[in-house]
Amino acid sequence: MTAIELKNVSKTFGTYTACRDVSLAIPEGEFVTLLGASGCGKTTTLNMVAGLEDVSSGDILMGGRRVNDLSPVQRDVAMVFQNYALYPHMSVARNIGFTLKMRGMDASEVRKRVEKVAASLELSSMLDRLPSQLSGGQQQRVAIGRALVREPKIFLFDEPFSNLDASLRMKMRAEVKELHQRLGVTSIFVTHDQEEAMSISDRIAVMNQGRIEQLGTPEEIYSRPATRYVATFIGSPRIELAPGIIEQGEGMAVAKVGSTAIQLAAQARPIEAGRQVEVGARPEYVKLSEDKGVRAVVRLVQPVGPTTHVTLDWEGGTLVSSVPGFVRLAPGTATFAEIDPNHLLVFDRASGERLS
Amino acid sequence: MSFARLQHGGPVRQTVVLAGLAVFVVWSAGPVLWLVLSSLLQQKALIQQPPDLSPANFTLTNFTTVVGAAAALGRGIFNSLVVALFSTAVALALGAPAAYALARLPVPRANGIAFLILATQMLPGIAIAIPLFILISKLGLIDNVLSLGVVYLSFNLPIVIWILRGFFTSIPVGLEKAAAVDGVGIFATFWYIVLPISIPPLTAAAVFAFVEAWNEFFFALILTRQHAQTVPLVIAQFAGQYQTVFGQMMAAAVISVTPVIILAILFRNQIIRGFADGMMKG
């Protein structure tokens, strides 16, 4: 059953359009991430789902019911905010239990529920502390506890980890994913961190300029990006694209970049010759070779542990190769780079759409 | 102003800042010091040129005389308390919700409204004194403590609104969003969340309003006769009644400013935080 559905939702602030025609259907229990750079409309979309922001046009449905005019409470959503938004004058216990108290729940029942949630988030020993006496990670757990205690139908996360340091962010990411696996509550998560989105989500909606560029599983988004924007936004190190033109080679189509012909894999839908394109491959599909592939010169060598990122200059501009382990290569070394044709991504230069 | 911040500048900057502060301290504390000194001096020593500050001339008789005429001063203090507490309490009760609405709710032309509220304070007192006097005497409310309180309220309310609005604007929006998602309505958000975290600016605004009402002289002079006289008027009367015995006047003044100073000392941290929070955003 569809838990949340957005039908052609748009939001304008004066003359500025924050979201245009956003459509998205989220089945019950799914974890969907809205991913994009700042200003892409992801938080506005989340706020509209929460009921914190009015919808300019379009409909939002929850469980099949139109909720455009319902308050956040009537929608039964819980939200975790970027800056935690804990009530500074209330203890941890009161922060978590406040929403229940406001619903007129009996004090002893509130206490019981708060203690249960606190135990599941390892906050039991801190119930009497004020938010200012907690670390960033603990504050964020309190914020999650405040959302959990209501046992809501829908969880919304607005960049909840962006104020945390890197190691804590990894830990919280794992905690939220485990929490979702355990409770199975439909969740929408907003982030600008593509790695976070990949690691936590069932599906990702990549947003750009108020629209959804692509909606898909992390694998689809990564391996089969619908547009140039998605391809370059996702993946680290970033994919580098080179301008080229499609030519019909002997039996196979090739992309001609300068004087270099890069072979394309067999196409279900052949690309017509003469098409202006941009081509590239994810760094793990670019191999260094002694004698095969395109001529290149090593510019930069960056070991990161499991792999080494080697940045190369070639006729088409820049190319990045991810080589397993550590490699010894001096900048300026002439080499060859072999691009796996099965993982070559080809985009239309004008529209940015992926052709292959 | 924290002295730690001075460390950032060079010696020239430090000297300039400290000299400026010294001038400010002498400027504001000098009269108070002179007030206390003269309240303790005999009339003879006080009116000498220059005043004779030898220890033999110090006395407490001014205070004993003033306290002896306690009826007038006592009534004055009582009236001042009523007027100041009334105008402060009502200004907070009305001003805080108004400031919140202007800071946070979708009020059309909120900035314009806020400016109009401030603009009411731009008229010199003398300009409104006569119409105000006519109005209040037609209502038969001359020499009435509460009518004076209402007049003070009209000065205090805009100030309270401006102090609090500045602070409310600086509260992170996330808190109210969290409250909305938690199922808290506007009024409950204001009561349970906004007000408790606004204690410093509320205190600052309250002390400010209280002191304004406590010290006000001009409107008290034209709107009261005998019954509703406030402390500043009673003090002024020592001038006429006892052939301007400066020492007694000053002793009465010392007694009258004592509560205000105690108030300021008690709440100094919250006053400083309150003004700092409200005035300097971010």
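Values in this document were obtained by computation on a predicted structure and should not be read as measured data.

A. Fine view of the overall build of chain A. For chain A, the count of helices and strands is nine helices and 20 strands. Taking the principal axes of its C-alpha atoms as reference, chain A extends roughly 80 × 45 × 35 Å. By the burial criterion, 42% of the 356 residues in chain A qualify as buried. Taking the contacts inside chain A whose residues are at least 6 apart along the sequence as the reference set, 64% of them involve residues at least 24 apart.

B. Highlighting the overall build of chain B. Helices and strands together make up the secondary structure of chain B, namely 14 helices and zero strands. Its helices and strands in sequence order give chain B the pattern α-α-α-α-α-α-α-α-α-α-α-α-α-α, from N to C terminus. Taking the principal axes of its C-alpha atoms as reference, chain B extends roughly 70 × 65 × 30 Å. The buried share among the 282 residues of chain B stands at 32%. Put simply, 79% of the contacts in chain B that link residues at least 6 apart link residues at least 24 apart.

C. The packing of helix α7 (residues 145-170) of chain B against helix α10 (residues 199-215) of chain B, seen in detail. Residue and element names in this part refer to chain B. Two numbers describe how α7 lies on α10: the axes approach to 9 Å, and their chain directions differ by 160 degrees. Our classification of the angle between α7 and α10 gives roughly antiparallel. Handedness of the crossing formed by α7 with α10: right-handed. Where α7 approaches α10, its residues Tyr152, Phe155, Asn156, Ile159, Val160, Ile163, Leu164 and Phe167 are matched on the opposing element by Pro201, Ala204, Ala205, Phe208, Ala209, Glu212 and Ala213. Residues that form the contact of α7 with α10 fall into these classes: 13 nonpolar, one polar and one charged.

D. Just the sheet that holds strand β20 (residues 345-348) of chain A, in detail. Residues and elements named next belong to chain A. Here we have five strands laid out as an open sheet, ordered β13-β12-β11-β14-β20, and antiparallel in their pairing. Each of the sheet's edge strands pairs with one partner strand only, and the pair in question is β13 (260-263) and β20. The mean angle between the axes of side-by-side strands here comes to 40 degrees, regardless of whether they run parallel or antiparallel. Bridging between strand β12 (residues 253-257) and β13 involves four bridges; their strand directions are antiparallel. Directly across from Lys256, in β13, lies its bridge partner Ala261.

E. The arrangement of the sheet that holds strand β3 (residues 31-35) of chain A in detail. All names here are of chain A. Ordered by their spatial adjacency, six strands build an open sheet running β6-β7-β8-β3-β9-β10, and the pairing between neighbours is mixed. The outermost strands of the open sheet, each flanked by one partner alone, are β6 (77-80) and β10 (211-216). Going across the sheet, the axis of each strand differs from the next one's by a mean of 20 degrees, ignoring polarity. When β3 meets strand β9 (residues 203-208), the two strands line up parallel, connected through four bridges. Looking at β9, one finds that Leu34 is bridged to Ala205.

F. Representation of the nonpolar core. Leu156 of chain A together with Ala252 of chain B are the most contacted members of the largest nonpolar core, which has 157 residues in total. Setting aside its immediate chain neighbours within four residues, Ala252 of chain B contacts Val66, Leu73, Val234, Ile235 and Phe238 of chain B.

G. View of the interface of chain A and chain B. In this assembly, 17 residues from chain A lie in contact with 14 residues from chain B. Elements represented by at least two residues in the side of chain A that touches chain B include exactly α2 (72-75), β6 and α3 (92-102) of chain A. Considered class by class, the residues forming the side of chain A that touches chain B number 13 nonpolar, three polar and one charged.

H. Region of interest: the pairing of strand β7 (residues 154-158) of chain A. All names here are of chain A. β7 sits mainly inside the fold: five of its five residues count as buried. Alternating residues of β7 divide into Ile154, Leu156 and Asp158 and Phe155 and Phe157, and every residue in both groups is buried. Here β6 pairs with β7 via four bridges, running parallel. Paired with Val77 across the bridge in β7 is Ile154.

I. Representation of helix α6 (residues 125-138) of chain B. In a regular helix each residue adds 1.5 Å, so 14 residues correspond to 20 Å; α6 of chain B covers 20 Å between its end C-alpha atoms and thus fits that length. Immediately beyond the C-terminal end of α6 of chain B, within one or two residues, lies Gly140 of chain B, with a positive phi of roughly 70 degrees.

J. Representation of the environment of Leu123 of chain A within the structure. Residue and element names in this part refer to chain A. By the element assignment, Leu123 lies in the loop between α4 (107-120) and α5 (136-148). The sequence separation of Leu123 and Ala93 amounts to 30 residues, and the corresponding C-alpha distance is 9.3 Å. With sequence-adjacent residues up to four places away left out, Leu123 is seen in contact with Val92, Ala118, Arg141, Val142 and Gly145.

K. Expanded view of α3 of chain A. Residue and element names in this part refer to chain A. Across the 11 residues of α3, eight count as buried, placing the element largely inside the fold. Buried residues of α3: Val92, Ala93, Asn95, Ile96, Gly97, Phe98, Thr99 and Leu100, and no others. Next to the buried residues of α3 lie α4 and α5. Looking one or two places after α3, you find Gly104, whose phi comes out positive at around 75 degrees.

L. A look at the environment of Asn156 of chain B. Residue and element names in this part refer to chain B. Its place among the elements puts Asn156 in helix α7. Along the sequence, Asn156 and Gly125 sit 31 residues apart, while their C-alpha atoms lie 14 Å from each other. Those residues in contact with Asn156, other than ones at most four positions away along the chain, are Ser87, Thr88, Ala91, Ala209, Glu212 and Ala213.

Conventions we followed
Residues numbered from 1 in each chain as written. Chains lettered and ligands numbered in written order. Predicted model: local features only at pLDDT ≥ 70, side-chain atom pairs only at ≥ 80, totals over all residues. Helix = DSSP H or I, 4+ residues; strand = E, 2+ residues; numbered from the N terminus. Buried ≥ 20, exposed ≤ 12 C-beta atoms within 10 Å, placed from the backbone. Contact = placed C-beta atoms within 7 Å. Axes fitted to C-alpha atoms, helices over the stretch in contact; angles between N-to-C directions. Parallel < 35°, antiparallel > 145°, perpendicular 65-115°, else oblique. Left-handed = near helix turned anticlockwise from the far one by under 90°. Nonpolar A, V, L, I, M, F, W, Y, C, P; charged D, E, K, R; others polar. Pairing = 2+ DSSP bridges. Core = buried A, V, L, I, M, F, W, Y, C linked by C-beta atoms within 7 Å. Expected span 1.5 Å × (residues − 1).

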